[in-house]
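Spelled out from the first residue to the last, the chains are:
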Amino acid sequence: MDKTEITQELATIITPYTEEKTALESLDENTDFIADLKINSANLVDIILDIEEKFSIVIDNDSMAQMLTVKDTVRIIQNKLNAG
């Protein structure tokens with residue numbers, strides 16, 4: 001799966017958790033989940049769980065702590081997919 005496909009899947013996963021639809025429409029690798037999309041920490045956990053289910057991967061706590069932007073999240077998902 002390439003970065004574009006992962007980013008598209010990520011946008012689908014994020015959609016129910018943000019009311020910042022304008023930021024979601026202009027989602028790019030620099031989009032920050034908390035600052036730009038106004039996603040709270042409880043919803044970030046839900047997003048991580050949805051990512052694990054969608055991509056059939058397990059995200060450890062260290063990786064989870066790094067998943068604050070789209071770029072970092074896509075990188076971690078790609079690393080987990082390549083390792084698996």
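Just above sits the structure.
In short, a report on the structure. Throughout, a residue's number is its position along its own chain's written sequence, starting from 1. Totals for whole chains, interfaces and linings use every residue, but because this is a predicted model, local features are given only for residues with pLDDT of at least 70 and side-chain atom pairs only at 80 or more, for both listing and counting. Think of the side-chain values as coming from all heavy atoms in the structure, minus any hydrogens and water.

**Considerations on helix α5 (residues 70-83)**
Phase 1: A run of H or I in DSSP counts as a helix once it spans at least four residues, and a run of E counts as a strand once it spans at least two, with each numbered from the N terminus. Expected helix span is taken as 1.5 Å per residue step, with the number of steps being one fewer than the number of residues. The terminal C-alpha atoms of α5 lie 20 Å apart, and with 14 residues this matches the ideal 20 Å at 1.5 Å per residue to within 8%.
Phase 2: Those residues of α5 that sit buried are V70, T73, V74, I76, I77 and Q78.
Phase 3: The criterion used for residue contact is that any of the two residues' heavy atoms lie within 4.5 Å. In this structure, the buried side of α5 is in contact with α1 (3-14), α3 (41-55) and α4 (61-66). Relative accessibility decides the category of a residue: with a 1.4 Å probe and only protein chains considered, values under 20% of the type maximum give buried, values over 50% give exposed, and everything between is partly exposed.

**Points about unusual backbone geometry**
Phase 1: The phi torsion at K38 lies on the positive side, around 55°, for a residue other than glycine.
Phase 2: Its location among the elements puts K38 in the loop between α2 (21-25) and α3.
Phase 3: A relative accessible area of 53% means that K38 is categorised as exposed.
Phase 4: For S56, which is not a glycine, the phi torsion comes out positive at approximately 55°.

**A few points about the nonpolar core**
Phase 1: Formed by 23 residues in total, the largest nonpolar core has its most connected members in L10, I14, F33, L37, I39, I51 and F55.
Phase 2: If we ignore the near neighbours within four places in the chain, the residues touching L37 are I14, T18, E20, A23, L24, L27, T31 and D32. By nonpolar core is meant a set of buried Ala, Val, Leu, Ile, Met, Phe, Trp, Tyr and Cys residues that side-chain atoms within 4.5 Å join together.

**Brief notes about the packing of α1 against α5**
Phase 1: Every axis in this analysis is a line fitted to C-alpha atoms, fitted for helices over the stretch in contact. Angles between the N-to-C directions lie between 0 and 180 degrees. Between α1 and α5, whose axes approach to 10 Å, the crossing angle comes to 115°. The orientation of α1 with respect to α5, classified from their angle, is roughly perpendicular. In terms of crossing hand, the pair formed by α1 and α5 is right-handed. Across the interface between the two elements, K3, I6, T7 and L10 of α1 pack against V70, T73, V74, I77, Q78 and L81 of α5. The labels follow the angle: roughly parallel below 35 degrees, roughly antiparallel above 145, roughly perpendicular from 65 to 115, and oblique for the rest. In a left-handed crossing the near helix is turned counterclockwise from the far helix by less than a right angle, and in a right-handed crossing that turn is clockwise.

**Comments concerning the side chain of T31**
Phase 1: Structurally, T31 can be placed in the loop between α2 and α3.
Phase 2: In this structure the side chain of T31 is engaged in a polar contact, spanning 3.0 Å, whose partner is the backbone nitrogen of D28.
Phase 3: Excluding residues that lie within four positions of it along the chain, T31 makes contacts with S26, D36, L37, L68, T69 and V70. By the criterion applied in these results, polar contacts are pairs of N or O atoms within 3.5 Å in which, for protein atoms, one can donate a hydrogen and the other can accept it, and in which residues neighboring in sequence qualify only through two side-chain atoms.

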